[in-house]
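Observations on chain architecture
Chain by chain, the residues run as shown.
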Amino acid sequence: MRNASETSTPPVASDPAVPAGRTFPLVRSIQIIALIAGGALILAFPELAPNAFILSTGVIVANYAVTATSWNFMGGFTGYISLGHAAFFGLGSYATALLITKAGLPSFLAWAVGAVIVGVLAIPVGVAALRVRGASFVIATISLVLILLLVFQAWAFAGGSGGMVVPRPFDVLRPEHHRIFFYLFVALLAVALLVWWLIDRSRLGVGLKAIREDEDKAQSLGVPTRNYKLAMFTLSATFTALAGGLYALWFGSLDPIFQFSILVASYMVLMSLLGGVRHLFGPLLGAIIVGSALEYFKVQYGDTQFHLVASALLLAIVVLFMPDGVIPAVKSLVQRLFGSEAASIREESAAELLEKDRSREEEAAR
Amino acid sequence: MNGPLIFQHVILGILLGGLYALLAAGLTLYFGVMRVVMIAHAAFLVLAAYLAWYANTEFGIDPMLSMIVTVPAFFFLGVAIQRLLITRLRPATLTMMSVLLTFAMALLIEGLLGLLFTGTQRRIQLGYGSASLELFGASVPVVKLIAFGLAAAALGGLYLLLKKSRFGQALRATIQHRDAAQLVGIDTDRVAGYGFGLGLATAAIGGTALSLDATIYPSLHWHWIGPLMAIIVVGGLGSIPGAAIAAMVLGVTQSMLQIPMGTTWAQTVFYIALFGTLMLRPQGFFGGRLAQRF
């Protein structure tokens, strides 16, 4: 018995990428229904929001969700934690603003061109930063934010420390403006989620996850680790820049201190970790939880530093007690409460495998 | 450009480099014993500066006397952080997660300082605060000399402790090869805790030195942690002499560049050095094999 279960392929129920095809039809249909319901709820949010302020909070949370999901291209697949994605967010917003005001491009063309430029800029940065792993990588990414903050505070062409004003793309009233941008952010989020999902199921995704689990082994097995990591870094930076550019178009003014803020970068990490970096919807879930909490704290406690303390404590708690995020934590809780379905499946399949092994042995003996 | 101006900036650069060297040595200690990059190091530095400022304004004590309390307090706090928090993290993801954990500590300290003392800029008014020495045409503020003296004394003490004492031997053994150190009978967990405490004590001394001649505010630590991390990467993670040399070289370079470029642009030299190092020699210029994997 013990022998059989050891020699057979190990039950990989814990890997979220695998069970898609294997889970019960019931579970699958519940997942699909939940997905549709969640999507409908998000799309209906502008109609449900009681006033323009709540609507603008929704736009901010949607922006957080896009940035966290973009961050998760790098953090979730490769396990490289970047604390520097605020740099790409800020670059995206500044590129959009500069292309509109200085080059005279139409708003959304500037947005797209800006994101492409940031993506190209991310390649040399990625080449340098990805030469090292772990701590040095984090240091390099943090430094990127700090250096860009210095540059944009001192660079008179981009407004210096006074920042920039971005002309609005639509000539509509404020609530209508929020509504349009909410849908734009949700559309961008949908694209990001779709791309993440496609990569998750592809050969590239498998290679990236191999890097996350053991980079040396992945390399020795022939995974082109550097190119894979660089591709993800660039993709992640481009999506973050798209979020930044959209933010610039929505908010209308840029201040280097807020655009190149380590805090923005840490929110992306916190949201993704809280939701669960290995899950498609993890960063989105984290963004909804953390983003709403942050906005609430800002309203409730105003200009004090309380939101800093709150996010610091939350980050520490997540890192110490649930580094895999709430999705696995809730899953294991549900399993403990309602008996473990997975265990019974596993036992069954182990028995089946034993049966198969036995019949194969009999065939071989014949 | 004239001679005395350049000379003055060289002197100021060396004085600043001394402080950088002490703080970078602290960062190196954390990294050596636990493979932890302590983002909160500069936040503790600012915390110590605030404590010195508070002692000075509330009780009228000379800021340097506050070290009698802050240095031991920070040492024990460091031991506690290592024993109670860092060791809780999973070994497999320790390096990444510890960065986030210490990042959270930095935010917490910044937020609490903001809540307690507001974001107002603070400065200690000292009787000898504006005095300066004339040295071959360069005028050097006395407080900067005192700050450098503190940093140099602390760094020298740390060197002697590491090289001459039994505990220092144990600490170096733990840094070099943890398992082997354990085999020869060193209680590596305890030594690692003390190493962490020593690192945090350097932040207490550095913070006191900083409070003497700098204007402090809660978010000041971001201006320190960037250069410090650049220094330890350029010097090679885990090498204290490397960190000290890199601190001196970069400190003087920054100070010299301030003449033609101004303060803001001069600070970018740290980050340019950082990315240059990553491209040319990712393990750092003085680092040993420790740096290779991290």
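In the block above lies the structure referred to throughout.
As the structure is a computational prediction, the values presented were derived from the model and not from experiment. (Residues numbered from 1 in each chain as written. Chains lettered and ligands numbered in written order. Predicted model: local features only at pLDDT ≥ 70, side-chain atom pairs only at ≥ 80, totals over all residues. Heavy atoms only, no water.)

**Section: the interface of chain B and chain A**
Tallying the contact residues gives 40 residues for chain B and 45 residues for chain A. For the pair chain B and chain A, the two sides together bury roughly 3900 Å², of which 83% comes from carbon and sulfur. Contact with chain A buries surface across chain B, with Met96(B), Leu100(B) and Phe275(B) losing the most and accounting together for 16% of the total. Along the contact surface separating chain B from chain A lie one salt bridge. The partner of Arg90(B) in a salt bridge is Asp324(A), and the shortest N-O contact between them spans 3.2 Å. The interface formed by chain B and chain A includes three residue pairs in polar contact (both at pLDDT 80 or more). At 15 residues, helix 4 (residues 94-117) of chain B tops the list of elements feeding residues into the side of chain B that touches chain A. Tallied by class, the residues present in the side of chain B that touches chain A amount to 29 nonpolar, seven polar and four charged. (Contact = heavy atoms within 4.5 Å. Buried area = accessible area lost by both parts, 1.4 Å probe. Salt bridge = Lys/Arg side-chain N within 4 Å of Asp/Glu carboxyl O. Polar contact = N/O pair within 3.5 Å; in protein donor to acceptor, adjacent residues only side chain to side chain. Helix = DSSP H or I, 4+ residues; strand = E, 2+ residues; numbered from the N terminus. Nonpolar A, V, L, I, M, F, W, Y, C, P; charged D, E, K, R; others polar.)

**Quick word on the pairing of strand 2 (residues 138-141) of chain B**
Residues and elements named next belong to chain B. Burial of the side chains of strand 2 is restricted to one face: Ala 138 and Val 140 are buried, whereas none of Ser 139 and Pro 141 on the reverse face is. Two strands pair when backbone bridges link them, and strand 1 (residues 132-135) and strand 2 are joined in this way by four bridges, in the antiparallel orientation. Across the sheet, residue Leu 133 finds its bridge partner in strand 2, namely Val 140. (Buried < 20%, exposed > 50% of the residue type's maximum accessible area, 1.4 Å probe, protein only. Pairing = 2+ DSSP bridges.)

**Details of the packing of helix 2 (residues 41-59) of chain B against helix 4 of chain B**
All names here are of chain B. One can describe the packing of helix 2 onto helix 4 by two numbers: an axis separation of 9 Å at closest approach and a directional angle of 25°. One way to sum up the angle between helix 2 and helix 4 is to call them roughly parallel. Helix 4 is crossed by helix 2, and the crossing has left-handed handedness. Contact with helix 2, carried on its side by Ala 43, Phe 44, Val 46, Leu 47, Tyr 50, Trp 53 and Tyr 54, involves Met 105, Ala 106, Ile 109, Leu 113 and Phe 117 of helix 4 and no other residues of that element. Among the residues forming the contact of helix 2 with helix 4, the class breakdown is 12 nonpolar, no polar and no charged. (Axes fitted to C-alpha atoms, helices over the stretch in contact; angles between N-to-C directions. Parallel < 35°, antiparallel > 145°, perpendicular 65-115°, else oblique. Left-handed = near helix turned anticlockwise from the far one by under 90°.)

**A short note on the packing of aromatic side chains**
Residue and element names in this part refer to chain A. Summed over the entire model, instances satisfying the criterion amount to 35 aromatic pairs over all chains. Centre to centre, the rings of Phe 89 and Tyr 247 are 5.5 Å apart; their planes meet at 50°, and the pair counts as tilted. Of this pair, Phe 89 sits in helix 4 (residues 85-101) while Tyr 247 sits in helix 10 (residues 225-251), and the two are 158 residues apart along the sequence. On the basis of relative accessible area, Tyr 247 is assigned to the buried category, the value being 16%. (Phe/Tyr/Trp six-rings, centres within 6.5 Å; stacked < 30°, edge-to-face > 60°.)

**Considering the nonpolar core**
Within the largest apolar cluster, 206 residues are counted, with the highest numbers of intra-cluster contacts made by Met38(B), Ile39(B), Phe44(B), Phe196(B) and Trp224(B). Apart from residues lying up to four places away in sequence, Met38(B) is in contact with Leu27(B), Tyr30(B), Phe44(B), Thr102(B), Met105(B), Phe196(B), Leu200(B) and Ile225(B). (Core = buried A, V, L, I, M, F, W, Y, C linked by side-chain atoms within 4.5 Å.)

**Examining the environment of Leu188(A)**
All names here are of chain A. Relative to the elements of secondary structure, Leu 188 occurs in helix 7 (residues 174-201). C-alpha of Leu 188 to C-alpha of Gly 75: the two residues are 113 residues apart in sequence and 19 Å apart in space. Once residues lying within four places of it in the same chain are set aside, the contact partners of Leu 188 are Val 66, Trp 111, Phe 239, Leu 242, Ala 243 and Leu 246.

**Structural notes on the environment of Val191(B)**
Residue and element names in this part refer to chain B. Structurally, Val 191 is set in helix 8 (residues 188-213). Given a relative accessible area of 7%, Val 191 falls into the buried group. The spatial distance from the C-alpha of Val 191 to the C-alpha of Gly 114 is 34 Å, given a sequence separation of 77 residues. Those residues in contact with Val 191, other than ones at most four positions away along the chain, are Phe 167, Ala 170, Leu 171, Thr 174 and Ile 186.

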